[in-house]
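Listed here are the chains, written in short residue letters.
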Amino acid sequence: MFSTLPMKHLRIQLLTGDLPKASLILAELGVFAPDPRPILEAELPAIPGEDYRHFYTQARSRFDKIARHVAFNDTLDIKDVHAVSETDLQLTNDWLGEVWSDCSEFEEERHRLRDQLHAIDELEQTLDNFSNLNIDLGRLQQKSRFLEIHIGMVARTQVKQLEEAVGLAGYLLYRFLEREARTHVIIIGALDGESAELKSVLDTAGFRPLQVPEALHSEPEKAKTSLQEQQTDLQQRQQQLESRSAVWGTSIARHLSKAAQTLRQAAPYFQIQNAARNQGSLSAIQGWIPAREVANADARLRQKLHNPFVLESRNPTADERPIVPSFISRNRLLKPFSLLVKQYGIPRYGEVNPTLLFAISYILMFGMMFGDVGHGAMILLIGILARRKLGSFTLFAVTAGISSMVFGLLYGSIFGYEHVIHAIWIAPMSDPLYMLTMALIWGVGFLILITLINIINHLQQNDPSGALFGENGILSLLLYVGLLWGSFNVYQDGAFGVGAAIVSLSTLLALFAYKLMETEASPGERILVAAIETFETVTGYASNTLSFLRVAAFSLNHVALAVAVFTLAGMMEETGYWITVILGNLFILILEGLIVTIQVLRLEYYEGFSRFFAGDGKAFKPLTL
Amino acid sequence: MNSSASQTYLKTRVNIFATQLFTDDRILELLDMSLEELSGTFGLTGIIESSLAPQQLNHALEQSLLHSLMSDLSVLLRPLDGTSRVLLIYWSRKFALFNLKTLIRCKLNELSLEEVSSYLHHLPDIIRLPHEKLLQAENILEMLHLLEHGPYQSIARQARQVYEEKNEPFSLDAAIDRSYFQGMVKYSNSNSQIDREGLKELIGMLTDRQNLLWLLRYRFMYQLSSGETYYLLVPFGKTLDRNRLMELVNLDSFQSVLEKLPPKLRRIVSGTTNAMQARQRLDFSLSREMRRLIRFSPSPATRALAYLVARDTDLKRLNALLQGKLLGLDSELVHEALMPPALQEAA
């Protein structure tokens, strides 16, 4: 819980034919992360499974496209988990190809029907547009001995250029209706053998012809009825298509579930990629596994692989430490806090995992800054009521609410009222200086703890000089303690004190000397850089400590906002009073609640994490089913 | 950075970059260099001396030169914002569209991503197409459908409509090129006051060059009709306006088109007998015009785009020179390809 799990580098030598099965077993375990480095390239030059990966990629892509249109059962049948051979995968891929072809046809038919309905709608608009004129559009479309006429639509932005292009072929273009992005046009010209040229231009321009009913002029009602009949017919065909599509979906759903199962079982071998290598029938898989899981992996492989194999494990070498993935124990209670830590970064392998410290300090600081029994209860209630939407963050809201309630009891505050309940500890406004002092003490404790974690991290990474001399190392910590001691002496006795002065000066000089040696530059630049960096260490600690004053400042701010709300409410009559109190409390709850949430996160990230947590570790991504 | 600081930074950056553009004298110098000297000068020794197969070597050289252009682009984008930034990124999308056309051909020939990757440009994420996803599409229409959500939306939609109607790769390529240039014109119009005039002039010049080349190619190589040729042009050039283009597409010989060009363009391409030669001349002329804009344009975004266009032309010439040396082509032929006689005399 406090650190990443110790890892082992695992190498399994086995027969090439067993690779899919071994990948599946490792995926079932869920604790093996493939290592794609070409360590074994000299002995095992080939990377197996090229065709397998090709079939998988294509099948997966087809499956995903089909799954958007067909409902199916996607639960993995645990009892029937088995390795997928290349032949089976190819068969599944071929079947999915056929299914996707059918599915595309349904889609194409949908588009066609939609376009035809759209065309009828456009035609009705065209006919409405011409209804007041004595023009027979139907006759315009009839074949003539001398004229060639086209009625249709084209993209509005392309009309001008089309007009000029057909003009070059001896045709005229008239626009008669503009709708959304399309313009309705009539193109007319002499029937003199340029039809092929015109057709080519129209095709290039994406011209969509409109089919005007021939009987429009002679029997307009009949033509309109005919259009409506066509519309009804198309709508019926749409319904029939959807029914056929649903029946087809049902007919393939079972087989599709099987394909889903096949793909899930094939996925581990696909994911293993370059972590598997081979030379003929001999192969090897390499990767990272938590040390405590090695024996279990060995036992499971022995139980399920019938052919012999060799499993070797070793500790990561010093060079490998930066690339070893960090396996952080999953704890359901810490999940929301773990997600917030991951926003900053992943701990390096061997580093202290800051999640628990983050969770405790976050909850405490939130309560300190937003202590109010009523507001805390509201946050708790909202967290419980919105638990479905909040998911794992429900616990975050619940703990923040409880912390707020506890500190509300300590401060004697409920919905901003300071005199309803008795403060168990102190009402913040009664002694602001005391509150600020407490905040400083909290900050000092927090920073010392964080610096200690940083020292442990350096020692874990086998970096003793970093732990001693580095930024936030032992010397920096001693300097900080010396300065705090001296400041306390000044506050108590008016003098810095010899002991504090010796500790502060000696550590300051040691830090300066180390930075002087470490910097690579000309002597003058070296002194300047070392002086600035040493000074920065002092100012860094001072500013970080003072940052924690905001913990007290927000608890005072909470009371001050409540006083402002009650002052405003006091100026109203009874109804106005209660409306102001309720709206004021909502304002405090939402606005101040949000600000405190962000400010605590800021304190954690910038005053805490930045001191010990590089966040550049590699996440452990195991093979899974 | 505030606005004036950004503009000053951009102008300074462009001026520094512009010192590496090839002058006529520099091209003559490069023509006289050996392959070793050339590769040493441009940091390509590692690639030249590698034991790559000829096709891979060509691709590696091309990729290395493109990478240097993309690095310059990323530096020039830093101080830019708004539509000027969008326009510069849009200009660079032509390399992604080259990839798209390659992917379409590969889909037609049913090649895999491994087989096709040696033909594709490696591009920055900001303009890169999802190659793997596109090749997973079952056909070209599905491939274009996939691009209809994102920065290539407009180009992909127009290309798909044309492909649905005509179902052949030439029209698809033409539709993609045409949509790309229409996008350039659109972005140049929506720029800020300070950049609008300069960018319109620059894009007008680019459009003129492209329109003339398309016109010559479509009319006299592919024998398209005047109407279809005109429809495939982008009538927003600087000197080749609508009326001029309509007049030109109606002419029935290469030379008569050259004769009817505006005087400035006519001088550039006079004496050429095919579209390839015309293209060389136009590229040289465009490079000179770009250098003029880099020096005198009041618009920093125009200077930046002019630099990129000129640099792109230079790198193509350098690539041609390297290929010529690698293939052991006759030096006279390489001279002629990079510096046509008319231009050599001018130099």
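Residues numbered from 1 in each chain as written. Chains lettered and ligands numbered in written order. Predicted model: local features only at pLDDT ≥ 70, side-chain atom pairs only at ≥ 80, totals over all residues.

On to the overall build of chain A, then. Helix and strand counts for chain A stand at 20 helices and 11 strands. With 625 residues in all, chain A has 33% of them scored as buried. Within chain A, residue pairs in contact and separated by at least 24 positions form 77% of the contacts whose partners lie at least 6 positions apart. (Helix = DSSP H or I, 4+ residues; strand = E, 2+ residues; numbered from the N terminus. Buried ≥ 20, exposed ≤ 12 C-beta atoms within 10 Å, placed from the backbone. Contact = placed C-beta atoms within 7 Å.)

The number of helices and strands found in chain B is 20 helices and zero strands. Considering only intrachain contacts with a sequence separation of at least 6, the fraction spanning at least 24 residues in chain B is 62%.

Take the interface of chain A and chain B next. Each partner contributes to the interface: chain A provides 19 residues, whereas chain B provides 20 residues. Listing elements by their share of the side of chain A that touches chain B, those giving two or more residues are helix 2 (50–67), helix 5 (159–168) and helix 6 (195–204) of chain A. Sorting elements by how many residues they give to the side of chain A that touches chain B places helix 5 of chain A first, with six residues. Classifying every residue of the side of chain A that touches chain B gives eight nonpolar, eight polar and three charged. (Nonpolar A, V, L, I, M, F, W, Y, C, P; charged D, E, K, R; others polar.)

For Gln273 of chain A, which is not a glycine, the phi torsion comes out positive at approximately 40 degrees. In this structure, Gln273 of chain A sits in the loop between helix 7 (220–272) and strand 7 (276–279). Backbone geometry at Gln223 of chain B places phi at a positive 55 degrees, although glycine is not the residue there.

Taken together, the buried positions of helix 9 (residues 335–344) of chain A are occupied by Pro336, Phe337, Ser338 and Val341 of chain A. A positive phi of about 160 degrees marks Gly345 of chain A, the residue just after helix 9 of chain A.

Looking at chain B as a whole, the pLDDT averages 87, with 97% of positions reaching at least 70. Both scores are given for the predicted complex: the pTM is 0.70, the ipTM 0.83. (pLDDT = per-residue confidence, 0-100.)

Looking now at the packing of helix 5 (residues 54–77) of chain B against helix 18 (residues 300–327) of chain B. Residue and element names in this part refer to chain B. Running from amino to carboxyl end, helix 5 crosses helix 18 at an angle of 165 degrees, the nearest separation of the two axes being 10 Å. Between helix 5 and helix 18, the crossing angle belongs to the class labelled roughly antiparallel. For the pair helix 5 and helix 18, the crossing hand works out as right-handed. Here Asn58, Leu61, Glu62, Leu65, Leu69, Asp72, Leu73 and Leu76 of helix 5 lie close against helix 18, whose contacting residues are Ala304, Leu308, Arg311, Asp312, Leu315, Leu318, Asn319, Leu322 and Gln323. (Axes fitted to C-alpha atoms, helices over the stretch in contact; angles between N-to-C directions. Parallel < 35°, antiparallel > 145°, perpendicular 65-115°, else oblique. Left-handed = near helix turned anticlockwise from the far one by under 90°.)

Turning next to the pairing of strand 3 (residues 147–155) of chain A. Residues and elements named next belong to chain A. As judged from the nine bridges shared by strand 3 and strand 5 (residues 182–190), these two strands associate in the antiparallel manner. Bridging from a neighbouring strand, Gly152 pairs with Val185 of strand 5. With two bridges joining them, strand 3 and strand 6 (residues 208–209) adopt antiparallel strand pairing. Considered in strand 6, the bridge of Gly152 is made with Pro209. (Pairing = 2+ DSSP bridges.)

Judged from the eight bridges that link them, strand 4 (residues 171–179) of chain A and strand 5 of chain A form a sheet pairing that is antiparallel. Its bridge partner being in strand 5 of chain A, Glu178 of chain A is matched across the sheet by Thr183 of chain A.

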